[in-house]
Amino acid sequence: MQATIQVLLKDGKMKLTTTRIAERAGVSVGTLYQYFPNKSSLIQALLKKHLDGVALAMETACEANHGASLAKMAVAITSAFYAGQVS
């Protein structure tokens with residue numbers, strides 16, 4: 001999945017191919033296809049992982065700030081959202 005991100009950042013969406021991803025990951029395209037049947041499924045898995053991370057970060061922030069003021073909760077949730085964007 002890291003190779004997918006790296007290829008996207010370097011080459012852009014229009015040049016994203018399973019061949020480029022496999023090359024960047026240092027594996028054969030056949031190996032890549034053992035885990036992901038096509039480029040779309042790889043991107044969907046990547047997005048799911050990302051969104052799960054963001055949701056977990058926000059949930060953790062909410063639990064940690066339960067009962068806090070609205071202003072503190074807003075800062076915590078916003079910070080968690082941006083922290084989840086990076087991971």
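Just so it is clear, the model here is predicted, and its values are computed rather than measured.

Trainee: Please set out the environment of T17 residue by residue, giving values where relevant.
Mentor: Within the secondary structure layout, T17 lies in the loop between α1 (2–11) and α2 (18–25). Considered as a pair, T17 and E59 are 42 residues apart in the sequence and their alpha carbons are 34 Å apart.

Trainee: Give a description of the nonpolar core that names residues and reports values.
Mentor: Side chains that are nonpolar tend, in soluble globular proteins, to be buried together. Counting 8 residues, the largest nonpolar core is built from A3, V7, L16, I21, A22, L32, F36 and L42. Of all the secondary structure elements, the ones that give two or more residues to this core are α1 and α2. In this structure, L42 is in contact with M1, T4, I21, L32 and F36, ignoring residues within four places of it in sequence.

Trainee: Please provide a residue-by-residue account of α1, values included.
Mentor: Within α1 the residues assigned to the buried category are A3, T4 and V7. Taken around the axis of α1, the buried residues stretch over an arc of 100 degrees, which confines them to a single face. Check the buried side of α1 and you find it contacts α2 and α4 (39–64). Immediately downstream of α1, the backbone of G12 shows phi near 90 degrees, a positive value.

Rules used throughout
- The residue numbers shown here count from 1 along each chain, following its written sequence.
- Two thresholds apply to this predicted model, a pLDDT of at least 70 for residue-level local features and 80 or more for giving and counting side-chain atom pairs, whereas whole-chain, interface and lining totals are computed over all residues.
- Only hydrogens and water are removed before side-chain values are computed, so all heavy atoms of the structure are retained for them.
- Here a helix means four or more residues in a row that DSSP labels H or I, a strand means two or more in a row labelled E, and each is numbered from the N terminus.
- Throughout, nonpolar core names a set of buried Ala, Val, Leu, Ile, Met, Phe, Trp, Tyr and Cys residues whose side chains join them through atoms within 4.5 Å.
- Accessibility here uses a 1.4 Å probe with only protein chains present; expressed as a share of the type maximum, an area under 20% marks a residue as buried, one over 50% as exposed, and anything in between as partly exposed.
- When checking whether two residues touch, look at their non-hydrogen atoms; a contact exists if any pair is within 4.5 Å.
- This arc corresponds to the set of directions leading from the helix axis out to the C-beta atoms.

So yeah, pure geometry; function would need other evidence.
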